[in-house]
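Single-letter residue listing:
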Amino acid sequence: MPVSALESAFQSPKLKLKNRLVMAPMSRYFCPDNTPHKDVVDYYAKRAEAGVGLIITEGTFIHHPAAAAYKDVPYFWGEALNGWKEVVDAVHEKGGKIFPQLWHVGSFRTAGTGWDKKYPALSPSGVENSFSKTVPQSMTQADIDEVIKAYATAAKDAQDLGFDGIEIHAAHGYLIDEFFWASTNHRDDQYGGSQENRNRFALEIIQAIRDKVGEDFPIALRISQWKQQDYSAKIAADKDELNAWIKPLADAGVDLFHVSTRRFWEPAFDDNSTILAELVKKITAKPVIMVGSVGLDSSSFESAGVKDVELAMQGLADNQYDLIAVGRALLADAQWLEKMQAGELQNIRGFDGDMLSRLE
């Protein structure tokens, strides 16, 4: 299966990559003191050495006491920044580029987690999280201001450490996505109601980051329709609503949209055969990363066999999107690209859920 479209260089006004392959962010839970150590450094460097053009790290918690929800996930502040510096340097040494994914979990936070175990979970309007069963507190203006500041500080730290850009995690039902989604945002102030208002929190984060890092540092935004607590969820029911949601984010300063779907080839809306990544690219005129079961025959986290990437390559060649993110397939086989290039589909390891229990 030829992958020539994936091998071509990518260039935008703020980012140059040697190819179109992105390592998707995947939580690994191998930082027991919330700091990347040698095994984490080696994990990322191994993918860069095997040809990945851009690595987006696992989600890493910004410095806000309600940001963290899970054990052994890295922080992006304090001592952990020294570990991230080692990751950056190792990836660059192997010829790759790297963004950290900056994360606040919102209502996914459960009691007794993070560095301030008494701090409550926060969300736009205190709606119970049907996945975590957490009933969070509704955010005050002071809470909103503090989170915005934490995102901006993390982005500046990333720039100072030598990262090549940052990704804001605004997908999958976490905090920023909770503001986007009408089902979790019931506010009656300037952050709730219309899509314009529900975008405001994200827009203020983007602006605060831009004020800190300047105009030339790339900002990527990961978005999704689906949520962990509802795979059928849709923020936008049609193309007009999608435009109202996405276009202001592009205008605010997002340079790259990372469009997360469970199966990239599925149409965005029932009455339209166009996939979500292509629609976002058309609306924003910005580069788009496509992701969603590339290289695997299933979206399951139990197991998935290897699949050719002809359909994904065709979309890239047809300019439906600009970059392709690969997650579980790269987790299973660091040499995924090299084996694809050699036509050795039969030698690529499939994904097995047991792989999540080790870092290699």
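Residues numbered from 1 in each chain as written. Predicted model: local features only at pLDDT ≥ 70, side-chain atom pairs only at ≥ 80, totals over all residues. Heavy atoms only, no water.

Peer 1: Teacher, can you tell me more about helix H7 (residues 200-213) here?
Peer 2: Between its first and last C-alpha atoms H7 spans 20 Å; for 14 residues at 1.5 Å apiece the expected length is 20 Å, and the two agree. Of the positions making up H7, those classed as buried are Phe201, Ala202, Ile205, Ile206, Ala208, Ile209, Arg210 and Val213. Residues of H7 that are buried make contact with helix H4 (141-161), strand S8 (166-169), helix H5 (175-180), helix H6 (195-198), strand S9 (219-224) and helix H8 (239-252). (Helix = DSSP H or I, 4+ residues; strand = E, 2+ residues; numbered from the N terminus. Expected span 1.5 Å × (residues − 1). Buried < 20%, exposed > 50% of the residue type's maximum accessible area, 1.4 Å probe, protein only. Contact = heavy atoms within 4.5 Å.)

Peer 1: For this particular structure, what's the right way to read the pairing of S9?
Peer 2: Where a strand is regular, its side chains alternate between the two sheet faces. Judged by how many residues are buried, S9 sits mostly within the fold: six of six residues are covered. Burial of S9 is two-sided: the residues Ile219, Leu221 and Ile223 facing one way and the residues Ala220, Arg222 and Ser224 facing the other way are all buried. Across four bridges, S8 lies against S9 in parallel orientation. Its bridge partner being in S9, Glu167 is matched across the sheet by Ala220. Here S9 pairs with strand S10 (residues 256-260) via five bridges, running parallel. (Pairing = 2+ DSSP bridges.)

Peer 1: Honestly, the layout of surface pockets in this entry has me stumped. Any pointers?
Peer 2: Looking at the largest pocket, its volume works out to about 1000 Å³. Elements with a minimum of two residues in the lining of the largest pocket: strand S4 (54-61), strand S5 (97-103), strand S15 (323-326) and helix H11 (328-332). The residue makeup of the lining of the largest pocket, split by class, is 20 nonpolar, 13 polar and five charged. Taken as a whole, the second largest pocket spans an internal volume of roughly 260 Å³. Lining the second largest pocket are 14 residues, and of these Trp226, Tyr231, Lys234, Thr261 and Glu266 sit closest to its centre. Taken together, the residues that form the lining of the second largest pocket break down as six nonpolar, four polar and four charged. (1 Å grid on protein atoms, 1.4 Å probe; cavity = no way out; pocket = protein on both sides within 12 Å on 5 of 7 lines; lining within 4 Å. Points joined across faces, edges and corners; volume = space filled by probe spheres on them. Nonpolar A, V, L, I, M, F, W, Y, C, P; charged D, E, K, R; others polar.)

Peer 1: How should empty space enclosed by the protein be read in this particular structure?
Peer 2: To find leftover empty space, one rolls a probe the size of a water molecule over the atoms. Applying the stated criterion across every chain, the model contains two cavities of 30 Å³ or more. Surrounding the largest cavity, Phe10, Ser12, Lys14, Leu15, Phe99, Pro218, Asp255, Leu256 and Pro287 form its lining. Looking at the lining of the largest cavity, its residues break down into six nonpolar, one polar and two charged. Its volume calculated, the second largest cavity comes out at about 40 Å³. Lining the second largest cavity, in full, are Arg28, Arg47, Leu331, Ala332, Arg349, Met355, Arg358 and Glu360.

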